[in-house]
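If you want the building blocks of each chain, they are given just below.
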2 protein chains.
Amino acid sequence: MNVYIIGAATTKFGEQWRVSPRTLAKEAAAAALRDAGTSVSHVQALFVGNMLSGMLGGQEHLGAFFAEELGTGGAAWKVEGACASGGLAIHAAVASVLSGQYETVLVLGVEKMTDHKPEDVALALMGAGSDKERLAGATFPGLYALLARAHMNAYGTTQEQMAAVAVKNHFHASLNPNAQFQSLITVENVMKSSCVADPLKLLDCSPISDGAAAVVVTGTKKQRGKKAPPIEIIASAVATDTLGLAQRESLTELKATTEAGEHAYRQAGVSPADIGVAEVHDCFTIAEILAMEDLGFYKKGSAAAAISRGETTLGKSKRLVVNPSGGLKGCGHPVGATGVKQVVELVEQLRGSADKRQVQKARIGLSHNVGGSGATAVVHILKK
Amino acid sequence: MNVYIIGAATTKFGEQWRVSPRTLAKEAAAAALRDAGTSVSHVQALFVGNMLSGMLGGQEHLGAFFAEELGTGGAAWKVEGACASGGLAIHAAVASVLSGQYETVLVLGVEKMTDHKPEDVALALMGAGSDKERLAGATFPGLYALLARAHMNAYGTTQEQMAAVAVKNHFHASLNPNAQFQSLITVENVMKSSCVADPLKLLDCSPISDGAAAVVVTGTKKQRGKKAPPIEIIASAVATDTLGLAQRESLTELKATTEAGEHAYRQAGVSPADIGVAEVHDCFTIAEILAMEDLGFYKKGSAAAAISRGETTLGKSKRLVVNPSGGLKGCGHPVGATGVKQVVELVEQLRGSADKRQVQKARIGLSHNVGGSGATAVVHILKK
């Protein structure tokens, strides 16, 4: 497609009580621009991925808000699609660059969640879902618990297998200095953690996080005095499904993921077997199992056992490492930042600069970012 | 640019107590698709322009929300830039179509404001502005009052001249069956209306409104069995400025408008003298005066007198009619819908189907959509 990422960076993810969204955004943007060997003066547009700033902080108009803070001129606006906002912002940047509208776009994903009361955050997050489910008192852990139960019933998936997703992602996170959690956990730890929404326990759930991530997207391979090679975006696909679970035909598949994945593979001219590293949307452990199947890496009903066996774990995997950043579970999930962070991780992996968590011989990477309980899915495929 | 609008429609704007955002969106989208002679099955993406749904209604993820409601498949997301959200959504659609990402995009601008307490709406609207100004208690009427005062001091602009903007736009609105206000007003009415933020009076201010507008944007002139000719988008430009007024060099110019305008004229290869009809962002009467100058239609300090003389009034104008829809002041201002409605009005004018408010011989039209107190400006130029 002739669209490249020439700079990529994230802040540390986690509970960052001392910093504001402005500080997070500046840190991520400055690091991404430095990584690209460029400056704001070469950026014609800023796309901001964010979900909660209006509902929790009363601040909208984040394009202009952060453009002022970062000193980018030109155009700026916010792209919102719940927890998929970051991936959507990159998708929009790809279009803008391909269209010739802007030569170079800075994409910023940012979210500050810990400043607010947990019940306010939980309610605001339900803004990503169906109004009927929200009014009925559903929460996202509850909705994903339903998906987990359906998968268990259909395929015999066990709670221990789901726990193995969290164990793997905490292990990967322990190798990532920017990850929220640096501690190793065991299947037993997960099984003994408090129940959030049966069968999901506390350690099956991604945390509330603060963080920002940024990438510099441009239409030319030409470098401006930087060292790392540009990484090509060879597919960018989006699909949608119903907001509510009640309207879905199946609860054991996220159809938007399947559709976005198929579309992306066609665009890129690759198959799931070509992907060596993937960052998928593990907002809950069951979500990673669904993603592995819906993206075509495993047949329906077979991903949970494979993950349990370590087939997608760094150092054990022979084919595909999943969520080397630690994923949403281990690295943290500042919602608007997540989709951008996934792509930052792929860029580092494909460049070979991922240090202790480097996936060997990864040449093609896939990111998968979901909004709500699967109403939006965004898939990017990157190549070195 | 080879981007065309093949369908365009708005709902009635105003206080629509009996209808939901869903109903408004469905009505506008169905009418735009009917106007295009096409159906949702030919739409690959839905871009939603909206500002307040999250803050006032707790509902985000509006791309998927309305995609479900309208039955559009494919991609969907929200574009937000305060009161410029609608214009920005069209700008994003232009990029997507030009890039080849999507062949046909449905752009929906929608806002439901009257269901909420006025003080909640006023506070939520300040989410478009600087957090410092918001915390200091500023409101948008207050900020635009400052701009009005600066213009009066610099150029001798009078309150009666500002009132003339409202009189003109109410006259135009009285010819538009979809406009919120159908009543003619006089300069005296405006001058005697209650003071909101000196020197701005009630009738200098655009109202709180409900409404939706939709356009179908596509990359081919080929028609699918429709009658009206496609209207070409020959420029689409965005510029940003600081959110707060305190950081600006000048209070008598909205720099983002000037920059977006200049960029759009260059793209289109036209000059202000070529524009026969314009829809500009008259959230307050002073805003239309600023727009006329910043877009190059009048020299600084001379627009107010010209508007007063009727130079931009339907039936009197020899060169350029401004806000034939009634503008934000007369037609109403459901914030996320406004930028789309402006383009719908231009499409009708350029097609020659604007009925009683038809501008004679209009061949090129310009729309100008502003976010906040000038932090974002979006300019589109359309040609029949």
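Residues numbered from 1 in each chain as written. Chains lettered and ligands numbered in written order. Predicted model: local features only at pLDDT ≥ 70, side-chain atom pairs only at ≥ 80, totals over all residues. Heavy atoms only, no water.

Visitor: Talk me through the overall build of chain A; I want residue IDs and the actual numbers.
Guide: Looking only at helices and strands, one finds 14 helices and 12 strands in chain A. Rg of the C-alpha trace for chain A: 19 Å, near the compact-globule value of 21 Å for 384 residues, within the 12% margin. Referenced to the eigenvectors of the C-alpha coordinate spread, the extents of chain A come out at roughly 55 × 45 × 40 Å. Taken across its 384 residues, chain A has 68% of its residues classed as buried. Taking the contacts inside chain A whose residues are at least 6 apart along the sequence as the reference set, 77% of them involve residues at least 24 apart. As displayed, chain A offers around 12500 Å² of accessible surface, 53% of which is attributable to carbon and sulfur atoms. (Helix = DSSP H or I, 4+ residues; strand = E, 2+ residues; numbered from the N terminus. Rg over C-alpha atoms; globule rule 2.2 N^0.38 Å. Buried < 20%, exposed > 50% of the residue type's maximum accessible area, 1.4 Å probe, protein only. Contact = heavy atoms within 4.5 Å. Areas by Shrake-Rupley, 256 points an atom, 1.4 Å probe, with all protein chains shown as cover.)

Visitor: Could you give an account of the interface of chain A and chain B, with specific residues and numbers?
Guide: Each partner contributes residues to the interface: chain A has 55 residues there, and chain B has 55 residues. Of the roughly 3800 Å² buried between chain A and chain B, counting both surfaces, carbon and sulfur atoms make up 51%. The largest per-residue losses of area from chain A upon contact with chain B belong to A:His61, A:Trp77 and A:Glu80, which jointly make up 18% of the total buried on that side. Linking chain A with chain B are 2 salt bridges, by the criterion used here. Measuring nitrogen to oxygen at the nearest pair gives 2.8 Å for the salt bridge that ties A:Asp131 to B:Arg22. (Buried area = accessible area lost by both parts, 1.4 Å probe. Salt bridge = Lys/Arg side-chain N within 4 Å of Asp/Glu carboxyl O.)

Visitor: Explain the relation of the copies chain A and chain B to me, and be specific about the residues and the numbers.
Guide: The two copies are related by a screw operation: chain A maps onto chain B through 180 degrees of rotation and 0.0 Å of translation along the axis, at an RMSD of 0.0 Å. Taken together, these values place the two copies in the relation of a two-fold axis. When C-alpha positions in chain A are compared against the rotation axis, the closest is assigned to A:Ser99, at 2.0 Å. Both copies share a contact surface, since 100% of the interface residues of chain A are interface residues in chain B too. (Least-squares fit on C-alpha atoms with pLDDT ≥ 70 in both.)

Visitor: Before we move on, can you summarise the pattern of salt bridges with the specific residues and values?
Guide: Residue and element names in this part refer to chain A. Tallying each qualifying case throughout the model produces 38 salt bridges over all chains. Residue glutamate 293 is joined to lysine 300 by a salt bridge in which the shortest nitrogen-to-oxygen separation is 3.1 Å. With a relative accessible area of 6%, glutamate 293 lands in the buried category. Under the relative-accessibility criterion, lysine 300 is labelled partly exposed at 31%.

Visitor: Any chance you could break down unusual backbone geometry for me, citing the residues and the numbers?
Guide: Each neighbour pair has its own omega, and for A:Asp198 with A:Pro199 the value is 10 degrees, a cis peptide bond. Note on placement: A:Pro199 falls in the loop between β5 (195-197) and β6 (200-201). Despite not being glycine, B:Asn323 shows a phi value in the positive range, around 60 degrees. For B:Asn323, the position within the fold is in the loop between β10 (321-322) and α13 (327-331). Looking at B:Asn323, the relative accessible area reads 0%, which means it is buried. Phi angles above zero are rare outside glycine, and B:Lys361 is one such case at about 60 degrees. Positionally, B:Lys361 belongs in the loop between α14 (335-351) and β11 (364-371).

Visitor: Can you break down the state of the cysteines residue by residue, with the values?
Guide: Residues and elements named next belong to chain B. With the rule as written, the count across this model stands at 0 disulfides over all chains. Looking at the unpaired cysteine 195, the closest cysteine sulfur is the one in cysteine 205, lying at 9.0 Å. In this structure cysteine 205 comes out as buried when scored by relative accessible area, which is 12%. (Disulfide = S-S within 2.5 Å.)

Visitor: Quick rundown of the layout of surface pockets? Include the residues and the values.
Guide: Each pocket or cavity is described by its volume, and for the largest pocket that value is around 680 Å³. Around the largest pocket sit 33 residues that line it, and A:Leu125, A:Pro141, A:Ser206, A:Pro207 and A:Ile208 are the ones nearest its centre. Contributions of two or more residues to the lining of the largest pocket are made by α5 (118-125), α7 (140-155) and β11 (364-371) of chain A. Here the residues of the lining of the largest pocket are counted per class, giving 22 nonpolar, 9 polar and 2 charged. By volume, the second largest pocket is sized at about 520 Å³. B:Leu125, B:Pro141, B:Ser206, B:Ile208 and B:Phe284 are, among the 27 residues lining the second largest pocket, the residues nearest its centre. Residue assignment for the lining of the second largest pocket shows that the elements contributing at least two residues are α5 (118-125) and α7 (140-155) of chain B. Of all the elements, α5(B) adds the most residues to the lining of the second largest pocket, at 5 residues. Among the residues making up the lining of the second largest pocket, the classes are represented as 20 nonpolar, 5 polar and 2 charged. (1 Å grid on protein atoms, 1.4 Å probe; cavity = no way out; pocket = protein on both sides within 12 Å on 5 of 7 lines; lining within 4 Å. Points joined across faces, edges and corners; volume = space filled by probe spheres on them. Nonpolar A, V, L, I, M, F, W, Y, C, P; charged D, E, K, R; others polar.)

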